[in-house]
Amino acid sequence: LPTAPVCNYLQANSDGAVPMAPDAELISTFSFAQITKYGNVSNDCTSAAYAGCMTASCKFEVDENSNQTKFAQCRCPIYTGPFQIGQDLSCDAGDGNVWSAAYTPSP
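Residues numbered from 1 in each chain as written. Predicted model: local features only at pLDDT ≥ 70, side-chain atom pairs only at ≥ 80, totals over all residues. Heavy atoms only, no water.

Student: Account for the overall build of the protein chain, with residues named and values stated.
Tutor: Helix and strand counts for the protein chain come out as 2 helices and 6 strands. Each helix and strand of the protein chain, ordered N terminal to C terminal, gives the series α-β-α-β-β-β-β-β. The globule rule puts the C-alpha radius of gyration for 107 residues at 13 Å, and the 16 Å found for the protein chain is more than 25% above it. Dimensions of the protein chain along its principal axes, counting C-alpha atoms only, are 45 × 45 × 30 Å. (Helix = DSSP H or I, 4+ residues; strand = E, 2+ residues; numbered from the N terminus. Rg over C-alpha atoms; globule rule 2.2 N^0.38 Å.)

Student: Which residues make up a nonpolar patch on the surface, and what values do they have?
Tutor: Residues F30, F32 and M54 make up a contiguous nonpolar surface patch of about 370 Å² in total accessible area. The residue F32 is located in the loop between β1 (26-27) and α2 (35-38) in this model. Given a relative accessible area of 54%, F32 falls into the exposed group. (Patch = residues over 30% accessible without salt bridge, like charges linked within 9 Å, V, L, I, M, F, W, Y side chains within 5 Å. Areas by Shrake-Rupley, 256 points an atom, 1.4 Å probe, with all protein chains shown as cover. Salt bridge = Lys/Arg side-chain N within 4 Å of Asp/Glu carboxyl O. Buried < 20%, exposed > 50% of the residue type's maximum accessible area, 1.4 Å probe, protein only.)

Student: Tell me about the layout of surface pockets, and name the residues and values.
Tutor: The volume enclosed by the largest pocket comes to roughly 1,200 Å³. In this structure, the largest pocket is lined by 30 residues; those nearest its centre are T29, F30, S31, G86 and S100. The set of elements that each furnish at least two residues to the lining of the largest pocket consists of α2, β4 (68-74), β5 (78-85) and β6 (99-100). Partitioning the lining of the largest pocket into residue classes produces 18 nonpolar, 12 polar and no charged. (1 Å grid on protein atoms, 1.4 Å probe; cavity = no way out; pocket = protein on both sides within 12 Å on 5 of 7 lines; lining within 4 Å. Points joined across faces, edges and corners; volume = space filled by probe spheres on them. Nonpolar A, V, L, I, M, F, W, Y, C, P; charged D, E, K, R; others polar.)

Student: Give me the sheet that holds β1: which residues, what numbers.
Tutor: With antiparallel pairing, the 3 strands of this open sheet are ordered in space as β1-β3-β4. The open sheet terminates on both sides in strands that have one partner only, identified here as β1 and β4. Looking at chain direction, β1 and strand β3 (residues 57-62) are connected through 2 bridges and run antiparallel. Considered in β3, the bridge of I27 is made with S57. (Pairing = 2+ DSSP bridges.)

Student: Describe the state of the cysteines, and please don't skip the residues or the numbers.
Tutor: Applying the stated criterion across every chain yields a total of 3 disulfides. Between the sulfur atoms of C58 and its disulfide mate C74 the distance is 2.0 Å. The disulfide joining C58 to C74 has a torsion of about 100° about its S-S bond and is therefore right-handed. Of this pair, C58 sits in strand β3 while C74 sits in strand β4; the two residues are 16 residues apart in sequence, bridging distant segments of the chain. (Disulfide = S-S within 2.5 Å.)

Student: For the packing of aromatic side chains, give the residues involved together with the corresponding values.
Tutor: Pairs of aromatic rings are described using the distance from one ring centre to the other and the angle between the two planes. One pass over the full model with this rule turns up 3 aromatic pairs. With centroids separated by 4.9 Å and ring planes inclined at 85°, the aromatic side chains of F30 and F32 adopt a geometry described as edge-to-face. Judged on exposure class, the residue F30 and its partner F32 are both exposed. Site record: aromatic cluster; members linked through ring pairs are Y50, Y79 and F83. (Phe/Tyr/Trp six-rings, centres within 6.5 Å; stacked < 30°, edge-to-face > 60°.)

Written as structure tokens, this is what we have:
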């Protein structure tokens, strides 16, 4: 299969910088890796704030000794409107949190 043009912007240059997000250490992506754990369900949410994290730039978190952890913080844009979450859970993420979600319009 041909490679999607956006992939060229996600590959690091010879200097290690990624054109789409030069200060990123990671790029947030989507995966079905946990589908056996969480199932293949979704919940349609009418309208609320949600984070659109697909392709967001991320940086590794560091601990108090300046060592990289296994966690990352991503700069996800926040949208307000209808969205879908990939689990059968409440649309309200609670305590001022928002879901990392997506909006798929009807065909």
